Amino acid sequence: MKASYSSSMPPWIALIITLSMVIIVRETAVVVCQWAGIEKAANVVGLVAMFFILVAWRILKGLPNWLTKASNTLLVDSGFAFLPISAGAGLLLFALGDELWGVMLTMLISTLIPLWGLGLLANRWLSSDVSINDDTITEHKKP
């Protein structure tokens, strides 16, 4: 993989180009999915297509610095983009009726158990006493 290269592009132009790329790829995915008869999959197809485009761009030419900076700016400032999805998920949860408490319990357990396990592993890793002596360092340095 090639390293990213830098350019002296102004940030507002980089943001406009990055947004244009995202919009073009997404709208192309909508057209392709409508043609294929799977309109519901347009967002996923666009996401996967953008991923492969960026991977190919990175391997062939290297990602420009302006693209990285613009995408970081957009990702930091686009937290509001998830609000409609969260609101829709909340409305659907309350439409479950009698199954609401089972779904909530399942979500709670499936979130808390992995977090608890990760906390135990992190605690064990951070509190472990690693003794380093000169013998192990010289063993690792040998070719």
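What you see is a predicted model, and the numbers here were worked out from it, not measured in a lab.

A. Looking closely at the pattern of salt bridges. Scanning the entire structure with this criterion turns up 1 salt bridge. Between arginine 26 and glutamate 27 there is a salt bridge; the shortest N-O distance is 3.3 Å. Among the residues examined, arginine 26 registers a relative accessible area of 35% and is labelled partly exposed. The class of glutamate 27 is partly exposed, set by a relative accessible area of 39%.

B. Region of interest: the confidence of the model for the protein. Averaged over every residue, the pLDDT of the protein is 79; the share at 70 or more is 77%. Considering each helix and strand of the protein separately, the mean pLDDT is smallest for helix α6 (residues 134–141), with a value of 56, and largest for helix α1 (residues 11–36), with 90.

C. Up close: the packing of α1 against helix α2 (residues 42–60). Running from N to C, α1 and α2 cross one another at 130°; their axes reach a closest spacing of 8 Å. It follows from the interaxial angle that α1 and α2 lie oblique. Where α1 crosses over α2, the two elements pack in a sense that is right-handed. In contact with Met21, Val22, Val25, Arg26, Ala29, Val30 and Cys33 of α1, α2 contributes Ala42, Asn43, Val45, Gly46, Ala49, Met50, Ile53, Leu54 and Trp57. Residues belonging to the contact of α1 with α2 are distributed by class as follows: 13 nonpolar, 2 polar and 1 charged.

D. Expanded view of the nonpolar core. Ranked by size, the top nonpolar core spans 8 residues in total: Ala14, Met21, Val25, Met50, Leu63, Trp66, Leu67 and Ala70. When contributions to this core are tallied by element, the ones reaching two or more residues are α1 and α3 (65–77). Filtering out sequence-adjacent residues up to four positions away, alanine 14 remains in contact with Met9, Trp66 and Ala70.

E. View of the packing of aromatic side chains. Inspection of the entire model under this criterion finds 1 aromatic pair. Ring geometry for phenylalanine 51 and phenylalanine 52: centres 5.5 Å apart, planes at 65°, overall edge-to-face. We classify phenylalanine 52 as exposed; its relative accessible area is 54%.

F. Structural detail: the environment of lysine 69. Tracing the sequence through the fold places lysine 69 in helix α3. Judged by its relative accessible area of 54%, lysine 69 falls in the exposed class. In this structure the C-alpha to C-alpha distance between lysine 69 and leucine 15, which are 54 residues apart in sequence, comes to 8.7 Å.

What counts and how
Residues numbered from 1 in each chain as written. Predicted model: local features only at pLDDT ≥ 70, side-chain atom pairs only at ≥ 80, totals over all residues. Heavy atoms only, no water. Salt bridge = Lys/Arg side-chain N within 4 Å of Asp/Glu carboxyl O. Buried < 20%, exposed > 50% of the residue type's maximum accessible area, 1.4 Å probe, protein only. pLDDT = per-residue confidence, 0-100. Helix = DSSP H or I, 4+ residues; strand = E, 2+ residues; numbered from the N terminus. Axes fitted to C-alpha atoms, helices over the stretch in contact; angles between N-to-C directions. Parallel < 35°, antiparallel > 145°, perpendicular 65-115°, else oblique. Left-handed = near helix turned anticlockwise from the far one by under 90°. Contact = heavy atoms within 4.5 Å. Nonpolar A, V, L, I, M, F, W, Y, C, P; charged D, E, K, R; others polar. Core = buried A, V, L, I, M, F, W, Y, C linked by side-chain atoms within 4.5 Å. Phe/Tyr/Trp six-rings, centres within 6.5 Å; stacked < 30°, edge-to-face > 60°.

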